[in-house]
Structures are given as structure tokens and as C-alpha cells.
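Residues per chain, in single letters:
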Amino acid sequence: QKEVEQNSGPLSVPEGAIASLNCTYSDRGSQSFFWYRQYSGKSPELIMSIYSNGDKEDGRFTAQLNKASQYVSLLIRDSQPSDSATYLCALENAGGTSYGKLTFGQGTILTVHP
Amino acid sequence: GAGVSQSPSNKVTEKGKDVELRCDPISGHTALYWYRQSLGQGLEFLIYFQGNSAPDKSGLPSDRFSAERTGGSVSTLTIQRTQQEDSAVYLCASSVVIGGRSPLHFGNGTRLTVT
């Protein structure tokens, strides 16, 4: 089982719809979770971080975390064609000598069509 | 500089040659990471530096790969006797670890092509 699992997609949604991206993880000790957006040919950029159970909203983005179910998701409201990118879920491994090291999922390709 | 800087942005090399990739992290960021991303794949962790020491080298694929960091700043990733499977985008990231929360800030990467 991979440490971080994402549906690779592609996920296609119409402009204005809600895009829902999901991620499950295996390490129950993980404390910090991140969503990165990566445009084709570009490096990943951080868009959301979440550390405690529940929802965290930032503009059109909402991150949801459920540690009991080992599940983290990203909702994008009012999706725009400019949101079309690969979305990477990442978690920070707990403890050990790699404090701050992130493990990434394979990424979900999102396409928002006009 | 304002962000993580990597050089070169592109590197084409012949199989068997050695290459050096450079990363200049954000000023004041003590943690530095190297990741590799192959075409259509996620990010694969290579090595992590805290200051000049590397507590975690577990992701280096073979002994052909090595990295160092000097002055708590610039890092160099060296690949000896390159192979075609080394072709990938090599990403460097830095962070400030504060209370266990340490988002990574990535550079634009070096695209390595081994012919």
C-alpha cells in the first residue's frame, strides 16, 4: 500500500462547478497535510495546509481532514479553467530524523472545461 | 533571492557522464530537500538536509547519487555515470520548520535528459 493514495484522474468538471479531490494515507502518526498545485511544466506551489480535523477554508478552496478515517480532501468551488492542473496531496511524516520531510501522492489531474 | 533558485534549468548529457545540479534555497531556510519527478509521476524524495548535515539520505536511488550542502545554504546534487533512467526533473525545496509545520517552497527544477 502506498503511503499516500490519490486517484490520478483525469477529473473533468465544467466551469463553475465544485471540484472534489481526495487523498488517503496510511501513516496514522502524520500531523500536517498539504495540497500543492502543479501546472504542466512548472514546479509545485502550496495552496492549502491543514493540521487539525475539520474544514479549513481559503477563498474558493476548502481542505477537509479526517484523521480517524485517514482521509484529506480539497474542494474547489466555482472552478475556473485556470484551475486546470495536477493537484498533489502531501503529508509530513511524524517523528524520526526527517522532521519536515513530505511524502507526496501521485497527483490528480484536474481539467475544468468552459 | 526571493525564491529557491536552481541551475541549470535544463541539462542534456550523454550516458556515463557525471552531472552536478545546484540549489540555492531561500535565505534563512535551514531545511533543504531534493526530490525527483519522472514524467507523469509524483515526487520522489531523495535527500534532506538540516543545516549542512543530511539526517535522511534514504531516497537516493544508488551510490551514483550524492549531495552536499555548504555554509547552510547552497546544495549540490551529483549524479555519477548517468543512466537513461536518471532522466527526470530534479526539484529542490527549502523550508523553515516551525512547530512541526513546514510547507516546502520549491524551485523551478532542473530537467535532466540522459541520451
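Everything below is about the structure shown above.
These lines cover the structure that appears in this document, whether it is placed above or below. Counting restarts for each chain, with residues numbered from 1 along the sequence as it is written. Think of it this way: whatever chain is written first is A, whatever ligand is written first is 1, and the rest follow in order. Reporting in this predicted model follows two pLDDT cut-offs: at least 70 for local features of residues, and 80 or more for side-chain atom pairs to be given and counted; totals over whole chains, interfaces and linings ignore these cut-offs and use all residues. Side-chain measures here rest on the full set of heavy atoms in the structure, leaving out hydrogens and waters.

1. Some thoughts on the sheet that holds strand β1 (residues 4–6) of chain A
Residue and element names in this part refer to chain A.
Line of reasoning, step 1. Pairing between two strands requires that DSSP report at least two bridges joining them. Think of it this way: any DSSP run of H or I at least four residues long counts as a helix, any run of E at least two long counts as a strand, and we number them from the N terminus. The strand order across the open sheet formed by five strands is β1-β3-β8-β7-β6, and the pairing between neighbours is antiparallel. Pairing within the sheet leaves two strands with one partner each, and these edge strands are β1 and β6 (54–58). With direction set aside, neighbouring strand axes in the sheet form an average angle of 20 degrees.
Line of reasoning, step 2. In this sheet, strand β3 (residues 19–25) lies alongside β1 in antiparallel orientation, the contact comprising three bridges. Note that in β3 the partner of Q6 across the bridge is C23. To obtain each axis, a line is fitted to C-alpha atoms, and for helices this fit is confined to the stretch in contact; angles are then taken between N-to-C directions over 0 to 180 degrees.

2. Observations concerning the sheet that holds strand β7 (residues 65–69) of chain B
Adjacent strands of a sheet pair through backbone hydrogen bonds, lying either parallel or antiparallel.
Residue and element names in this part refer to chain B.
Line of reasoning, step 1. Pairing is antiparallel across the open sheet formed by four strands, whose spatial order is β1-β3-β8-β7. Looking at the sheet topology across the chains shown, the edges are occupied by β1 (5–7) and β7. Taken over all neighbouring pairs, the strand axes of this sheet differ in orientation by 15 degrees on average, direction set aside.
Line of reasoning, step 2. Sheet topology note: the β1/strand β3 (residues 19–24) ladder contains three bridges and is antiparallel. In the sheet register, S7 faces β3, and the bridge partner there is R22.

3. What about unusual backbone geometry?
Line of reasoning, step 1. Here the bond from G9(A) into P10(A) is cis, since omega is 10 degrees, no more than 30 degrees from zero.
Line of reasoning, step 2. Note the cis peptide between S7(B) and P8(B), where omega equals -10 degrees.
Line of reasoning, step 3. Positive phi is not limited to glycine here, since D78(A) has a value of about 50 degrees.
Line of reasoning, step 4. For D78(A), the location among the structural elements is in the loop between β8 (71–76) and β9 (85–92).
Line of reasoning, step 5. The cut-offs for exposure are 20% and 50% of the maximum accessible area for each residue type, with area from a 1.4 Å probe on protein chains only; residues under the lower value are buried, those over the upper are exposed, and the others partly exposed. Residue D78(A) is classed as partly exposed on the basis of its relative accessible area of 40%.
Line of reasoning, step 6. Residues other than glycine seldom take positive phi values, yet R81(B) does so here, at roughly 45 degrees.
Line of reasoning, step 7. Within the secondary structure layout, R81(B) lies in the loop between β8 (75–79) and β9 (88–95).
Line of reasoning, step 8. Since its relative accessible area comes to 42%, R81(B) is described here as partly exposed.

4. Here's the deal with the packing of aromatic side chains
Line of reasoning, step 1. Pairing of aromatic rings covers Phe, Tyr and Trp, the last through its six-membered ring, and needs centres within 6.5 Å; plane angles under 30 degrees mean stacked, over 60 mean edge-to-face, and all others mean tilted. Inspection of the entire model under this criterion finds nine aromatic pairs over all chains.
Line of reasoning, step 2. Residues F104(A) and F106(B) carry aromatic rings whose centres are separated by 6.0 Å and whose planes lie at 65 degrees to one another, so their mutual orientation is edge-to-face. In this pair, F104(A) is assigned in strand β10 (residues 102–104) and F106(B) in strand β10 (residues 105–106), connecting two distinct chains. Of the two residues, F104(A) and F106(B), both sit in the buried class.
Line of reasoning, step 3. Through pairs of rings, three or more aromatic residues link up here, namely Y36(A), F104(A), Y35(B), F45(B) and F106(B).
Line of reasoning, step 4. As a reminder, the over-ring test applies to NZ of lysine and CZ of arginine, requiring each to be within 6 Å of the ring centre and within 35 degrees of the ring normal. For R60(A), the ring lying beneath its charged end belongs to F61(A), and the centroid distance is 5.6 Å.

5. Some words on the nonpolar core
Line of reasoning, step 1. Throughout this description, the term nonpolar core refers to a set of buried Ala, Val, Leu, Ile, Met, Phe, Trp, Tyr and Cys residues connected via side-chain atoms within 4.5 Å. Core analysis: the biggest nonpolar cluster contains 23 residues, and F33(A), W35(A), V72(A), L74(A), I76(A), Y87(A) and L110(A) have the highest contact counts within it.
Line of reasoning, step 2. Membership of the second largest hydrophobic core comes to 19 residues, among which are V4(B), I26(B), L46(B) and V114(B).

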